[in-house]
Amino acid sequence: MKANDPQIDDQGRLRHFLTISGLNQQLLTEILDTAESFAGVTEQTVKKVPLLRGKTIVNLFFEASTRTRTTFELAAKRLSADVLNINITQSSAAKGETLLDTLRNIEAMHVDMFIVRHADSGAAHFIASNVAPHTSVINAGDGRHSHPTQAMLDMFTIRRTKGPDFGRLRVAIVGDVMHSRVARSQIHALNVLNTGEVRIVAPKTLIPAYAESLGTRIFHDLRTGIQDADVIIMLRLQHERMKGALLPSEHEYYELFGLTEKKLASANPDAIVMHPGPINRGVEMDSEVADGPRSVILQQVSHGIAVRMAIMSMAMRSQQDGGE
Ligand code: CP
């Protein structure tokens, strides 16, 4: 792991969780194994363990979210923590209060952990570098930069359906990679876990400059890009982050890159189809595929609870044991 990584305490344990970049295979595997132990909790009649009893966790979401915010809240409650959801549109941030002032005021309530989503890349790092030493920060998505808990729940879903040997897998990530914090985090995680082949399938205008340097194979044709793939990860067209016209039309995009049952035939017969959500049906994929037998999209959401429980409990352990 990188020296002086702010995510890691002086004993090599997770203190914050901001990005996959710089983390090693041992730590990612520990997250996946810990999540596996929590997966059973969500199936019990009493879906709670007392690990974070007495701790206060604040959901600080400056950007819209359905899956991430609610699964973080459920995960924290299942760990017996007290959870505060700050409604940013009704908070003093809407009256011009700075991010740092909002942070200082909430911190004064003796908070142990912030879960942060923000439209600006680097926001979670900024908060992590300004919190008190006993406080952890988890990145719930920052701009185009990183969405590390989404990547980990995706790795958990792949491991549960395809087994632990990532080395034998071909994974194709399809769509708007350019604007996707999810794709960037997934590529880092797949590389750390030594995935056999990571492909990017997208129009030339939606391929980021970093793609080749991270060792991905690039395709501009969907059928060829998903040929013999074991895992297909579809991405949303992120219109809110596009500057200028990068695509002729959604209709043309669907014709070329939308996943249909017919196109899916070129992947391996037992290939799984993933999507971080929210899905634009009829743009990224047909409903027949999204709701079909190879789709694990709703399993990804369920797995988000166990994976987020794992990450929160690991970060809190660093604090409790007197980490940095
Ligand atoms: N995958 C994801 O981040 O979804 P939300 O925006 O609904 O949280």
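Computed from a predicted structure; not experimentally measured. (Residues numbered from 1 in each chain as written. Predicted model: local features only at pLDDT ≥ 70, side-chain atom pairs only at ≥ 80, totals over all residues. Heavy atoms only, no water.)

A.B. asks: What exactly am I supposed to notice about the overall build of the protein chain here?
C.D. replies: Of the regular secondary structure elements, the protein chain holds eleven helices and nine strands. The C-alpha radius of gyration of the protein chain comes to 19 Å, within 12% of the 20 Å expected for a compact globule of 324 residues. With respect to the principal axes defined by its C-alpha atoms, the protein chain has extents near 55 × 45 × 40 Å. The proportion of buried residues among the 324 residues of the protein chain is 56%. Counting contacts in the protein chain only where the partners sit at least 6 residues apart, residues at least 24 apart contribute 74% of the total. (Helix = DSSP H or I, 4+ residues; strand = E, 2+ residues; numbered from the N terminus. Rg over C-alpha atoms; globule rule 2.2 N^0.38 Å. Buried < 20%, exposed > 50% of the residue type's maximum accessible area, 1.4 Å probe, protein only. Contact = heavy atoms within 4.5 Å.)

A.B. asks: Would you mind going over the site of the ligand with me for this structure?
C.D. replies: In the neighbourhood of the ligand, the contacting residues comprise S65, T66, R67, T68, R117, H147, Q150, P276 and G277. The contact in question runs from an oxygen atom of the ligand to an N or O atom on the side chain of T68, over 2.6 Å. G277 is positioned such that a nitrogen or oxygen atom in its backbone is 3.4 Å from a nitrogen atom of the ligand. When the ligand sits alone it has 250 Å² of accessible area, and the protein chains cover 91% of it. Of the residues belonging to the shell around the ligand, the class tally is one nonpolar, six polar and two charged. Among the domains, domain 1 (25-146 + 302-322) and domain 2 (148-296) are the pair contributing at least three residues each to the shell around the ligand. (Near = heavy atom within 4 Å. Polar contact = N/O pair within 3.5 Å; in protein donor to acceptor, adjacent residues only side chain to side chain. Areas by Shrake-Rupley, 256 points an atom, 1.4 Å probe, with all protein chains shown as cover. Nonpolar A, V, L, I, M, F, W, Y, C, P; charged D, E, K, R; others polar. Domains from an automatic or database assignment.)

A.B. asks: Explain the packing of aromatic side chains to me, please; I cannot follow it from the model alone.
C.D. replies: In this structure the tally under the stated criterion is one aromatic pair. A cation over an aromatic ring shows up here: K263 above the ring of Y254, its NZ or CZ 5.8 Å from the ring centre. (Phe/Tyr/Trp six-rings, centres within 6.5 Å; stacked < 30°, edge-to-face > 60°. Lys NZ or Arg CZ within 6 Å of the ring centre and 35° of its normal.)

A.B. asks: I keep staring at the sheet that holds strand β4 (residues 136-142) and nothing clicks. Help me out?
C.D. replies: Two strands in a sheet stick together by hydrogen bonds in their backbones, pointing the same way (parallel) or opposite ways (antiparallel). Spatially, β2-β1-β3-β4 is the arrangement adopted by the four strands of the open sheet, whose pairing is parallel. Looking at which strands have only one partner, the edges of the open sheet turn out to be β2 (82-87) and β4. If you compare each strand with its neighbour and ignore which way they point, the axes differ by 15 degrees on average. Here strand β3 (residues 113-118) runs beside β4; their pairing, made up of five bridges, is parallel. Along β4, the bridge assignment pairs F114 with V137. (Pairing = 2+ DSSP bridges. Axes fitted to C-alpha atoms, helices over the stretch in contact; angles between N-to-C directions.)

A.B. asks: What exactly am I supposed to notice about the domain arrangement of the protein chain here?
C.D. replies: Interfaces are frequently sized by the accessible area removed from exposure as the parts join. Along its sequence, the protein chain is carved into domain 1 (25-146 + 302-322) and domain 2 (148-296). Taken over C-alpha atoms, the centre of domain 1 sits 26 Å from the centre of domain 2. At the interface, 27 residues of domain 1 touch 24 residues of domain 2. Between domain 1 and domain 2, roughly 2300 Å² of surface is buried when both sides are summed, and carbon and sulfur atoms account for 57% of that area. Across the domain 1-domain 2 interface, the total number found is three salt bridges. Of the charged contacts in the structure, one is a salt bridge between E36 and R160, with a shortest N-O distance of 2.6 Å. On the surface where domain 1 and domain 2 come into contact, there are ten residue pairs in polar contact (both at pLDDT 80 or more). Broken down by secondary-structure element, the contributors of at least two residues to the side of domain 1 that touches domain 2 are α1 (25-39), α2 (67-78), β3, β4 and α11 (297-320). (Buried area = accessible area lost by both parts, 1.4 Å probe. Salt bridge = Lys/Arg side-chain N within 4 Å of Asp/Glu carboxyl O.)

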